[in-house]
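Results of the structural survey
Letter by letter, the chains look like this.
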Amino acid sequence: MKLALIAHDGKKDAMVALAAQFLPLLRHCQIVATGTTGSRLAAEHGLVVERMLSGPLGGDLQIGARLAGGELDGVIFLRDPMTPQPHEPDINALVRACDVHDVPCATNVATARVLLSRWSEALPPSA
């Protein structure tokens, strides 16, 4: 499974905590992430992460291109709805691309847990 993991600054701690809960699954996935989020996941959990640029520098668009090319099975994008984002058009384009290409996309922790739990069920028992 190929997953994109993205988190705004105010949600990076939540992404790291979420990853800790689902490490067995994430260790079996190919992960792509935006800059700092990817660095934290690699440093704090030892995950192998392909890092894109940070979101404001085009990382959301890079991930959107992967998604449009059929290279991603799901997106976990923990957005901070209370903080204005200078790259809001890029964020909207990525979420819209998920809808267009029928790729599951979680934008909050509760929905991310539902998706990750379901995908975890598909792991072999020894994983």
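Residues numbered from 1 in each chain as written. Predicted model: local features only at pLDDT ≥ 70, side-chain atom pairs only at ≥ 80, totals over all residues. Heavy atoms only, no water.

1. Quick notes on the nonpolar core
By size, the foremost hydrophobic cluster in this structure holds 23 residues, and its most contacted members are Leu5, Met15, Leu26, Ile76 and Leu116. Only strand E1 (2-7), helix H1 (12-21), helix H2 (23-26), strand E2 (30-33), strand E4 (74-78) and helix H6 (109-121) provide two or more residues apiece to this core. If you look at the next biggest cluster of nonpolar residues, it comprises 14 residues, including Ala4, Val32, Leu67 and Val75. (Core = buried A, V, L, I, M, F, W, Y, C linked by side-chain atoms within 4.5 Å. Buried < 20%, exposed > 50% of the residue type's maximum accessible area, 1.4 Å probe, protein only. Helix = DSSP H or I, 4+ residues; strand = E, 2+ residues; numbered from the N terminus.)

2. Quick look at the layout of surface pockets
Here the largest pocket is characterised by a volume of approximately 190 Å³. Around the largest pocket, the lining comprises 18 residues; the ones closest to its centre are Ala7, His8, Asp9, Lys12 and Pro56. Mapped by element, the contributors of at least two residues to the lining of the largest pocket are E1 and helix H3 (35-45). The residue makeup of the lining of the largest pocket, split by class, is three nonpolar, 11 polar and four charged. (1 Å grid on protein atoms, 1.4 Å probe; cavity = no way out; pocket = protein on both sides within 12 Å on 5 of 7 lines; lining within 4 Å. Points joined across faces, edges and corners; volume = space filled by probe spheres on them. Nonpolar A, V, L, I, M, F, W, Y, C, P; charged D, E, K, R; others polar.)

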